[in-house]
Amino acid sequence: MTQEQNKPGESACCGADCCCGPAVVESGKRQVVIDFLYLDLEVCTWCKGTGDSLEGALAQVENVLQAGGVAVVVNRIHVDSEDKAMRHRFASSPTIRVNGRDIQMEGKESKCESCGDLCGDDVNCRIWLYQGKEYTSPPPAMIVDAILREVYGQPVAAAESGEPFVLPDNLRKFFRAMQNKK
C-alpha cells in the first residue's frame, strides 16, 4: 500500500519521513521511504518519465511488499530553488532515493533539451545506467531492484562524506536562469 507524503508544489521537510535514511518502524509495520526529487514535471520529459517509471515499479512490487508487511511512503519533492537543492543534497535531476540512498550512486549526465527549453540555457540531467545500458528514465526493474534490496537484502551503502554538500554548477546555472526568467 503506497502512501503519498508530498504532492508537487508542496514543501518537503528533511525530517524522519523524508530523504533521511533508514526505514522507520511504526505500529510494528516496517516502512520503506522513497523520495522522488525532480526539477519539473510539466516540461521535462526525463523527470516525467522517471515519475512514470516509479509508478510502474511500485505497481510491480506492491503485492510483495504488502505480503511482507512493508508499507511504502513516497515523497514527491519539487526542487525549485538552490536553497531546497542544498537542503535535500540534490546533486542531479531527477533523483530517486530509497530510505535515503540514491538508487544510482554513479553520476552521469547529458544535455536535457526539455530543461534547457524550460530555463533558456543548456542544462544536463541524469543519465541512468542499468545492466550496461544508458536511459533518460530509469527502467522500472532498476527501481524494483533498489526497493527489494533495501527491504530484503543487502542495501548498497550510501556514500558517506564528511565534506559539506556543494551544489553542482549545472544546477546552480539552472536555478539562476529560472530566476532571471521571472
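This is a predicted model, so every value here is computed, not measured.

Asker: Which residues make up unusual backbone geometry, and what are the values?
Answerer: Residues apart from glycine generally show negative phi values, whereas peptide bonds are mostly found in trans. Put simply, S93 and P94 share a cis peptide bond, and its omega is -15 degrees. The phi dihedral of R89 is positive, around 50 degrees, even though this residue is not glycine. Despite not being glycine, N99 has its phi angle at roughly 50 degrees, a positive value. Within the secondary structure, N99 sits in the loop between β5 (95-98) and β6 (101-102).

Asker: Pulling in residues and values, what's your account of the packing of aromatic side chains?
Answerer: Under the counting rule described, the total for this entry stands at two aromatic pairs. Aromatic side chains F174 and F175 sit 5.5 Å apart centroid to centroid with 75 degrees between the ring planes, which places their arrangement in the edge-to-face category. With relative accessibility at 6%, the residue F175 sits in the buried group. For R126, the ring lying beneath its charged end belongs to W128, and the centroid distance is 4.8 Å.

Asker: An account of the environment of N170 is needed here, citing residue identities and associated values.
Answerer: Along the polypeptide, N170 turns up in helix α5 (residues 169-181). By relative accessible area, which is 15% here, N170 ends up buried. Remark: the alpha-carbon pair of N170 and C125, spanning 45 residues in sequence, is separated by 8.7 Å. Setting aside residues no more than four positions away along its own chain, N170 makes contact with E109, V123 and N124.

Asker: I'd like a rundown of helix α1 (residues 45-67), residues and numbers included.
Answerer: The terminal C-alpha atoms of α1 lie 34 Å apart, and with 23 residues this matches the ideal 33 Å at 1.5 Å per residue to within 8%. Largest kink in α1: about 45 degrees, centred on V61. The set of residues buried in α1 consists of W46, C47, G49, T50, G51, S53, L54, A57, L58, V61 and L65.

So, how was this worked out
Residues numbered from 1 in each chain as written. Predicted model: local features only at pLDDT ≥ 70, side-chain atom pairs only at ≥ 80, totals over all residues. Heavy atoms only, no water. Helix = DSSP H or I, 4+ residues; strand = E, 2+ residues; numbered from the N terminus. Phe/Tyr/Trp six-rings, centres within 6.5 Å; stacked < 30°, edge-to-face > 60°. Buried < 20%, exposed > 50% of the residue type's maximum accessible area, 1.4 Å probe, protein only. Lys NZ or Arg CZ within 6 Å of the ring centre and 35° of its normal. Contact = heavy atoms within 4.5 Å. Expected span 1.5 Å × (residues − 1). Bend = angle between axes of the 7 residues up to and from the residue.

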